[in-house]
Each structure stands twice: as C-alpha cells, then as structure tokens.
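Observations on the model geometry
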Amino acid sequence: MQEVVARRAHASDVTIDVIREEVEDLLHSRYAKELGSAGVAALLPSRSTFYLRMKESGLADALGQPTRSRAALASTPPLPHGGREVVLRPGQVTQTDTTPLRILARGDDGRPTATELTSLIDVANHTVCALMITPSRPGTPRAGRRARRPGRST
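Residues numbered from 1 in each chain as written. Predicted model: local features only at pLDDT ≥ 70, side-chain atom pairs only at ≥ 80, totals over all residues. Heavy atoms only, no water.

Further remarks concern the environment of Met-132. Locating Met-132 in the fold gives a position in strand 3 (residues 128-135). Dropping the residues within four chain positions of it, Met-132 is found in contact with Glu-116, Leu-117 and Thr-118. (Helix = DSSP H or I, 4+ residues; strand = E, 2+ residues; numbered from the N terminus. Contact = heavy atoms within 4.5 Å.)

What follows is the structure, given as structure tokens:
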C-alpha cells in the first residue's frame with residue numbers, strides 16, 4: 001500500500017479505490033507465478049479491512065491532502081525503525097521517559113537532593129503504568145570543588 005501511494009503521490013485523481021485496484025494488480029504481477037490467482041486473492045484483505053489498514057497506517061489521511069502536500073510527504077525519507085507502529089492491544093508497546101523534577105527530597109544522608117521522575121506509558125490507551133521518583137545524578141563538580149557522592153538514577 002505504501003509503495004502504491006508513494007508512486008501515485010504526484011497524481012491528482014487518487015482515491016482509496018484506485019489504490020486498492022493498483023495494490024491488487026501489483027500483487028498479481030509479483031506473486032501470480034508462485035501462488036496462482038486464488039493465492040493472490042487470499043493475500044488481499046476484504047474491502048473494509050483494506051480501508052481500515054489504510055486509515056491505521058495514515059495513508060488514507062495522506063490521500064485527502066492536496067497533491068503538493070502528498071508529493072512533499074512522498075519525497076521525505078522514511079522514519080527510522082519502520083516509522084509508526086500499529087498498536088492493537090494495551091501492553092503491546094510501552095514508552096519510558098525520565099525527566100528532572102523541580103522539587104527537592106530528603107536524601108539518605110538527610111540533606112535535600114534533586115529528584116527525577118520516570119514514567120512508563122502504554123501507547124495503546126495512553127495510560128500511565130508506573131511512576132517512580134528517584135534522586136537524580138548530581139552534575140559534574142565545578143573547578144575547585146570536590147565531587148559529591150554519586151546519586152542514583154533510574
């Protein structure tokens with residue numbers, strides 16, 4: 001689907017039906033010898049599933065844009081690691097992030113220490129799975145000062 005949409009990026013008469021027909025033709029030209037016509041037909045999903053996959057991948061939104069925008073999008077290099085992931089179930093993909101907090105906590109030695117917040121977020125339903133506040137790692141000592149005890153980091 002991505003190949004056909006990229007190939008038709010400069011055309012002005014592109015619809016999802018046209019893309020579906022070209023994907024079907026592409027599958028027949030590539031896999032007809034190995035699979036036969038019945039096997040190629042099995043590779044192509046139903047019409048409603050095809051529309052759903054086009055929407056999930058963002059290709060349907062790209063087709064709704066003006067021709068110049070589609071052409072600019074097609075000329076950009078692909079995203080690293082395959083681009084956007086399609087997440088179907090909660091827990092399938094999670095993201096973690098650590099950020100410094102502007103609060104002080106009492107450290108093990110009783111002195112105030114800077115903190116950081118680490119969060120684990122589920123990509124499918126955007127819920128917070130876990131939060132953790134820990135003392136942050138202190139910065140490098142300035143000239144003439146001795147190094148502080150190393151802190152813990154997540």
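What follows continues from the structure just given.
Okay, the pattern of salt bridges next. Enumeration according to the criterion identifies five salt bridges in this entry. Among the ionic pairs, Arg-7 bridges to Glu-3, the shortest N-O distance being 3.5 Å. Of this pair, Arg-7 and Glu-3 both sit in helix 1 (residues 2-7), four residues apart, which is roughly one turn of the helix. Accessibility expressed as a relative area gives 48% for Arg-7, which makes it partly exposed. The exposure class of Glu-3 is partly exposed, given its relative accessible area of 38%. For Arg-47, the salt bridge identified is with Asp-17, shortest N-O distance 3.4 Å. Within this pair, whereas Arg-47 is found in helix 3 (residues 47-57), its partner Asp-17 is found in helix 2 (residues 16-43), the two being separated by 30 residues in sequence. (Salt bridge = Lys/Arg side-chain N within 4 Å of Asp/Glu carboxyl O. Buried < 20%, exposed > 50% of the residue type's maximum accessible area, 1.4 Å probe, protein only.)

A grouping of Tyr-31, Leu-35 and Leu-43 is seen on the molecular surface, where their side chains present a nonpolar patch of about 260 Å² in accessible area. For Leu-35, the location among the structural elements is in helix 2. In this structure Leu-35 comes out as partly exposed when scored by relative accessible area, which is 43%. (Patch = residues over 30% accessible without salt bridge, like charges linked within 9 Å, V, L, I, M, F, W, Y side chains within 5 Å. Areas by Shrake-Rupley, 256 points an atom, 1.4 Å probe, with all protein chains shown as cover.)

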